[in-house]
2 protein chains.
Amino acid sequence: MSQPTKRRGSGFAIAASLALLLGSATAPAFAEGPALSEEAFERSKQLYFEQCAGCHGVLRKGATGKNLQPHWKKTAKDGTVTEGGTLQLGQERLEKIISWGTEGGMNNFSEILSEQEIKEMATYIMMEPPKPPEMSLAQMKKTRKIYVEEKDYPTEPLHGRNWENFFVVIERDAGKVAVIDGDTKEVLAHIPTGYAVHVIKASEHHKLEEPEQPGRFWYTMGRDGKMTKIDLWQTPDKMLVSEVTVAYDARDIAVSGDGKYIIGGAYWPPHFVIADAVTMEPVKVVSTRGVNIDGDYVEEARVAAVYTTPNEPTWLVAVKELGQMWQVDYSDIDNLRIDKIDSAKFLHDGFFDPTGRYFQIAANASNKMVVIDTKERKLEAMIDVAALPHPGPGANWNDPKCGPVAGTTHLGVGTVSVWTNDPAGRPDEAWKKCYEVETDGPGLFIRTHPNSKYVWADQTKHPDPEIQQAVQVISKETGEIVKTITITETEGNAAVHFEFNADGSEVWVSNWNMGDSLAPNGEIVVFDAETLEEKTRIKGLYAPTGKFNVHIRSNHVT
Amino acid sequence: MSQPTKRRGSGFAIAASLALLLGSATAPAFAEGPALSEEAFERSKQLYFEQCAGCHGVLRKGATGKNLQPHWKKTAKDGTVTEGGTLQLGQERLEKIISWGTEGGMNNFSEILSEQEIKEMATYIMMEPPKPPEMSLAQMKKTRKIYVEEKDYPTEPLHGRNWENFFVVIERDAGKVAVIDGDTKEVLAHIPTGYAVHVIKASEHHKLEEPEQPGRFWYTMGRDGKMTKIDLWQTPDKMLVSEVTVAYDARDIAVSGDGKYIIGGAYWPPHFVIADAVTMEPVKVVSTRGVNIDGDYVEEARVAAVYTTPNEPTWLVAVKELGQMWQVDYSDIDNLRIDKIDSAKFLHDGFFDPTGRYFQIAANASNKMVVIDTKERKLEAMIDVAALPHPGPGANWNDPKCGPVAGTTHLGVGTVSVWTNDPAGRPDEAWKKCYEVETDGPGLFIRTHPNSKYVWADQTKHPDPEIQQAVQVISKETGEIVKTITITETEGNAAVHFEFNADGSEVWVSNWNMGDSLAPNGEIVVFDAETLEEKTRIKGLYAPTGKFNVHIRSNHVT
């Protein structure tokens, strides 16, 4: 057992909201069947939330991962009934699955949890799942904290730096976000945020309704539902402006095109929250519990991701288990228009085409890319891809044969799938598979830049450290891998995520010290985007993962 | 105890869906506290569903009626905490409230339930409420029955009658709908429907998209969630065309403007269902569980009513507990646009203004009329009225002083409230209270016709039989009551609901034999709309309540 606690960040103060979430239920009494002491039940509940709920759901009905209810029964459309459940698998088999993982994409937890924890978890998931509490608008409002009043906001940048080439970097397990000067490579600040921030979004340039200073304000969403606001015009010690908690478990955030509102998307309670982007005061909560595309009610219908549409006064809300994209119009919050677009289940993460009209999102466990037409607010297409697509920020480029294309990596397999995405220019050929590239392993992220000849793909999901620690570079010209670059050979480290700098001359790759994530031993490795040679390493980072360049993100450079 | 069982129609076969609903939970075991035998628990559960759930909710969180949870705790906006619950009231006090009613509008149940039933009900509501099951689209599809295939639909009316002056009449407790020839006053058919049909709707003339034969097809919704389709061109013995069940507990139904879809609105599960209007095949379910206008999650967010908008390709769905009107666009079911219009809680029933643009709906326990602008799909106004407004089909007319007005009766008080409703003609004076009329007692329905000088109001909610059995006629000219008409003096009967015939020369009033509702002893009393004299009585009806004239309803004559 190497550092069993560090990897899950349990040394980290997991915010009051977690305590609230986890304090809500006590160990049920069983006449017979699996049982745990109250302490072990509480421990397992917390571990389950941190390690398992993301894929399997707090109610354990499954999503990216399998159903983990004690007993389930499923009737297929042809009437065939299948039964299963953790009780049927039993203690020993469950312990093995948790320890060693499965070929279907389940992680190996023997390095993450202790033997005792695995034993207890196997028992815990044979018991009835406790249901976490709701969170009202009134409760959310009470969590709001203001660190810098609006009247004290600077009217120009206070630090004289080229802030439009700043990188905002998630320091995942440390519950922080770093701000790095992209010109000088200096780490300016480590800003405290929610736990294990998943995504950071900025105010962006918009076709219809420009915000006041695109790219200036950045908003984070922690896994614990805490949203923070960051002002890049401030001196580094004052960049944290305000915060508010809108859920117990959350994943994503976005800013409205006019910069007036933010939206936070939550896993539990299953809802999204609209807040004032200036004051962070929550103003509206919308539940996403609903009926999925198969006609079944889903209580745990989670918001996997939220996006600002570059051309319309709307957000896209990916309601994972429903298989629906909700296009939410923020132009009149009191008379809220939502277009519920049916697509495929297990919607997860996506990116816009270069025009900003079409949104391309992975329906991961459906092995599809779903395309939404944000102008017509309807489904445009669905494209079959490989197992568990996961594009992250995605990549669009021009293929010599197929024309404009986009691509995705996959969680389930070492494949990059590439499809056409120019319905205006090539109406008959749009949304078709162009080609696939076999990489060395499954990954999380793909990325490119209009000025670059290359597309980068990581392999973070491969169990073999050597593959996990290397990224692969694909030629746009040939569609072939031209270089495999090992980012790190440190045990417990992995290579993950890419971001180009403003002019596309550099590619930044994270050397994520995930086995040692509470120490500032992580790095960003900077490459020359043309020669593919390493330029420098930015050190002193806590578990760096996602990176967001101000210019790139606020100008929709994809 | 006079006829304790008849009044609730317990002799009636309460449909398989009820058994499903009620069979879902067993009596919980209590270490201490209130307890019932399993049989008494099941009995009370069924009685609660039939008699109490409408106002108090199946989860007992209250709506029109009070919260009936064993224990509740409420935090006001100023932080004040109030606690209460049925456990605090205790067995004796609960029995008294159930037996004698309250001044707040709670019925007197000593005439409806036996002493033993009241005793058990008092205990039952101190126990935790059992949660009814969900209903999937697949389950609904299995309930569909076709009595007449579409290919066998007649191409012209088969009976040679003036079907556009037919009246379709709810025979409430008998689970039937009568069809009456409005010219000859003959009762043509008693068609079996769901239990205690709440509303019947027809295909209607529409501004944008005319259905094939407006007024020909009628759709009923039973309290048990069964929807039936009736074809008025058929011979009376074949008018029942098809049926499908879409909920365990439901209230309303509507047809799309193009006649292609129907929508059913349910109390439990809290959802609405869109079905093919020809085949009755359900195609889409949308949950209405959500976050109310105060920012609190509401599991039992019930659909109180659904309406076709005469000028737009939409339905209005009143989500009672959320305080939201959802304008649902049926022009693209797979990319379903819903505008969620915030207004006031406890939305119940409403009617359009004469232009068909504005919808006026009661938010009953909020003591408000809410006005929706269906063109802009937004809230237009809210008007304070008296306690518990309930307009039913409502009434619009011209007042000599205020101009175009509309009015409502109230469940809570003997008052007719009248307000202005012509924002195009009188922009500064629209949506303001014009006057109030004091009637003898609280009622359910108000009605008029453009050719009539009078507005009719019933008093069905008054506990005194003499008042309950009389209706009052108000002069449009003076705003004063010009006549009080006693419809019946039979014990256990009440006067309820009005409908004009096609040309407005007659007013039909129900003499509802609610104390004796399984016998065909109910009547419709027909009045001359000009002289206010009784013309005739149509006999042989089972518990007649709501009446729907083909011409009036399919042409939006209000």
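- As annotated in an unreviewed UniProt entry, chain A carries the name Nitrite reductase and comes from Pseudovibrio axinellae.

## Regarding the state of the cysteines
Residue and element names in this part refer to chain A.
Part 1 of the argument: A full pass over the atoms with the stated rule returns 2 disulfides over all chains.
Part 2 of the argument: C52 carries a free sulfur, and the closest cysteine sulfur to it, the one in C55, is 9.1 Å from it.
Part 3 of the argument: Judged by relative accessible area, C52 falls into the buried class, the value being 11%.

## What to know about the sheet that holds strand β28 (residues 433–438) of chain B
Residue and element names in this part refer to chain B.
Part 1 of the argument: The 4 strands are arranged β25-β26-β27-β28 in an open sheet whose pairing can be described as antiparallel. Here the strands that pair on one side only, and so sit at the sheet edges, are β25 (395–399) and β28. Neighbouring strand axes in the sheet, compared pairwise and without regard to direction, differ in orientation by 30 degrees on average.
Part 2 of the argument: Relative to strand β26 (residues 403–408), β25 is paired through 5 bridges, and the arrangement is antiparallel. The residue of β26 that forms the bridge with D399 is G403.

## Let's talk about the sheet that holds strand β10 (residues 240–245) of chain A
All names here are of chain A.
Part 1 of the argument: The strand order across the open sheet built from 5 strands is β3-β10-β9-β8-β7, with neighbouring strands paired in antiparallel fashion. On the outer flanks of this sheet lie β3 (145–146) and β7 (199–202), each paired with one strand and no other.
Part 2 of the argument: Both β7 and strand β8 (residues 217–221) contribute to a ladder of 4 bridges, which runs antiparallel. Bridge assignment links K201 to a residue of β8, and that residue is Y219.

## Concerning the packing of helix α3 (residues 86–100) of chain B against helix α4 (residues 115–124) of chain B
Residue and element names in this part refer to chain B.
Part 1 of the argument: Between α3 and α4, whose axes approach to 9 Å, the crossing angle comes to 125 degrees. In terms of their interaxial angle, α3 and α4 are classed as oblique. Viewed along their axes, α3 and α4 form a crossing whose handedness is right-handed. Across the interface between the two elements, Q91, L94, E95, I98 and S99 from α3 touch I118, K119, M121, A122 and T123 from α4.
Part 2 of the argument: Considering only residue class, the contact of α3 with α4 consists of 5 nonpolar, 3 polar and 2 charged.

## So, the side chain of D458(B)
All names here are of chain B.
Part 1 of the argument: Here D458 shows up in the loop between β30 (454–457) and α6 (465–468).
Part 2 of the argument: From its side chain, D458 meets the backbone nitrogen of L444 in a polar contact 2.6 Å long.
Part 3 of the argument: A distance of 2.9 Å separates the side chain of D458 from the backbone nitrogen of F445, its partner in a polar contact.
Part 4 of the argument: Excluding residues within four positions of it along the chain, D458 makes contact with T409, G441, P442, G443, L444, F445, V471, A495, V496, H497 and F498.

## With respect to the pattern of salt bridges
Residue and element names in this part refer to chain A.
Part 1 of the argument: The final tally for this structure, using the stated rule, is 72 salt bridges over all chains.
Part 2 of the argument: The salt bridge involving E429 is made with R426; its shortest N-O contact spans 3.4 Å.
Part 3 of the argument: Since its relative accessible area comes to 43%, E429 is described here as partly exposed.
Part 4 of the argument: By sharing partners, the salt bridges in this structure join K131, E134, R289 and E299 into a single network.

## Topic: α3(B)
Every α-helix winds through 3.6 residues per turn, so residues three or four apart in the chain are directed the same way.
Residue and element names in this part refer to chain B.
Part 1 of the argument: In this model α3 runs just 17 Å from its N-terminal to its C-terminal C-alpha over 15 residues, more than 12% under the 21 Å that 1.5 Å per residue would give.
Part 2 of the argument: Most pronounced at E92, the bend in α3 amounts to some 75 degrees.
Part 3 of the argument: Those residues of α3 lying buried are T86, G90, L94, I97, I98 and S99.
Part 4 of the argument: Buried positions along α3 lie against α4.
Part 5 of the argument: Phi for G101, located one or two positions after α3, is positive at around 80 degrees.

## Details of the interface of chain B and chain A
Part 1 of the argument: Contacts between the two partners involve 28 residues from chain B, matched on the other side by 28 residues from chain A.
Part 2 of the argument: Ranking the residues of chain B by area buried against chain A places Y297(B), N335(B) and K340(B) at the top, with a combined share of 25%.
Part 3 of the argument: At the junction of chain B with chain A, the criterion picks out 2 salt bridges.
Part 4 of the argument: K284(B) is paired through a salt bridge with D342(A); the nearest N and O atoms lie 2.6 Å apart.
Part 5 of the argument: On the surface where chain B and chain A come into contact, there are 13 residue pairs in polar contact (both at pLDDT 80 or more).
Part 6 of the argument: Contributions of two or more residues to the side of chain B that touches chain A are made by β14 (282–287), β15 (290–291), β20 (335–342) and β24 (378–384) of chain B.

## Thoughts on the environment of G403(B)
All names here are of chain B.
Part 1 of the argument: Within the secondary structure, G403 is located in strand β26.
Part 2 of the argument: Residue G403 is classed as buried on the basis of its relative accessible area, which comes to 8%.
Part 3 of the argument: Sequence-wise, G403 and E429 are 26 residues apart; in three dimensions their C-alpha atoms are separated by 9.4 Å.
Part 4 of the argument: If sequence neighbours within four positions are ignored, G403 has contacts with W397, N398 and R426.

## Some words on the packing of aromatic side chains
All names here are of chain A.
Part 1 of the argument: Summed over the entire model, instances satisfying the criterion amount to 26 aromatic pairs over all chains.
Part 2 of the argument: Measuring from ring centre to ring centre gives 3.5 Å for F167 and W508, while their planes differ by 5 degrees; the resulting arrangement is stacked. Highlighted residues: F167 in strand β4 (residues 166–171) and W508 in strand β34 (residues 506–512), separated in sequence by 341 residues. Here the two residues F167 and W508 agree in accessibility, since each one is buried.
Part 3 of the argument: With a centroid separation of 5.6 Å and an interplanar angle of 50 degrees, the aromatic rings of W456 and F527 are classed as tilted. With a gap of 71 residues between them, W456 in strand β30 (residues 454–457) and F527 in strand β35 (residues 522–528) connect regions that are remote in the sequence. Judged on exposure class, the residue W456 and its partner F527 are both buried.
Part 4 of the argument: Each residue in the set F41, Y48 and Y124 is aromatic and connected to the rest through ring pairs, giving one cluster.
Part 5 of the argument: The cationic tip of R60 hangs over the ring face of Y48; the distance from NZ or CZ to the ring centre is 5.6 Å.

## Here's the deal with empty space enclosed by the protein
Part 1 of the argument: Taken as a whole, this structure holds 5 cavities of 30 Å³ or more when the rule is applied.
Part 2 of the argument: A volume near 150 Å³ is recorded for the largest cavity.
Part 3 of the argument: Those elements giving two or more residues to the lining of the largest cavity turn out to be β14 (282–287), β15 (290–291) and β19 (324–329) of chain A together with β14, β15 and β19 (324–329) of chain B.
Part 4 of the argument: Grouping the amino acids of the lining of the largest cavity by side-chain chemistry returns 10 nonpolar, 6 polar and 5 charged.

## A closer look at the relation of the copies chain B and chain A
Part 1 of the argument: By a simple turn and slide, chain B fits onto chain A: the slide is 0.0 Å along the axis, the RMSD is 0.0 Å, and the turn is 180 degrees. The symmetry that links the two subunits is that of a two-fold axis. Identified as the residue of chain B closest to the rotation axis by C-alpha distance is I338(B), at 2.7 Å.
Part 2 of the argument: Comparing interface residues between copies, 100% of those in chain B also sit at the interface in chain A, which points to an isologous, same-surface contact.

## A look at the environment of K345(B)
Residue and element names in this part refer to chain B.
Part 1 of the argument: Tracing the sequence through the fold places K345 in the loop between β20 and β21 (347–352).
Part 2 of the argument: Overall, K345 belongs to the partly exposed group, its relative accessible area being 22%.
Part 3 of the argument: C-alpha of K345 to C-alpha of A365: the two residues are 20 residues apart in sequence and 7.3 Å apart in space.
Part 4 of the argument: Reaching out from K345, the side chain makes a polar contact with the side chain of D294 at a distance of 2.6 Å.

## Brief notes about the confidence of the model for chain A
Part 1 of the argument: Chain-level pLDDT for chain A is 91 on average; 94% of the residues reach the 70-or-more range.
Part 2 of the argument: Across the whole predicted complex the pTM is 0.90, and at the interface the ipTM reaches 0.90.

Rules used in this analysis
Residues numbered from 1 in each chain as written. Chains lettered and ligands numbered in written order. Predicted model: local features only at pLDDT ≥ 70, side-chain atom pairs only at ≥ 80, totals over all residues. Heavy atoms only, no water. Disulfide = S-S within 2.5 Å. Buried < 20%, exposed > 50% of the residue type's maximum accessible area, 1.4 Å probe, protein only. Pairing = 2+ DSSP bridges. Helix = DSSP H or I, 4+ residues; strand = E, 2+ residues; numbered from the N terminus. Axes fitted to C-alpha atoms, helices over the stretch in contact; angles between N-to-C directions. Parallel < 35°, antiparallel > 145°, perpendicular 65-115°, else oblique. Left-handed = near helix turned anticlockwise from the far one by under 90°. Contact = heavy atoms within 4.5 Å. Nonpolar A, V, L, I, M, F, W, Y, C, P; charged D, E, K, R; others polar. Polar contact = N/O pair within 3.5 Å; in protein donor to acceptor, adjacent residues only side chain to side chain. Salt bridge = Lys/Arg side-chain N within 4 Å of Asp/Glu carboxyl O. Expected span 1.5 Å × (residues − 1). Bend = angle between axes of the 7 residues up to and from the residue. Buried area = accessible area lost by both parts, 1.4 Å probe. Phe/Tyr/Trp six-rings, centres within 6.5 Å; stacked < 30°, edge-to-face > 60°. Lys NZ or Arg CZ within 6 Å of the ring centre and 35° of its normal. 1 Å grid on protein atoms, 1.4 Å probe; cavity = no way out; pocket = protein on both sides within 12 Å on 5 of 7 lines; lining within 4 Å. Points joined across faces, edges and corners; volume = space filled by probe spheres on them. Least-squares fit on C-alpha atoms with pLDDT ≥ 70 in both. pLDDT = per-residue confidence, 0-100.

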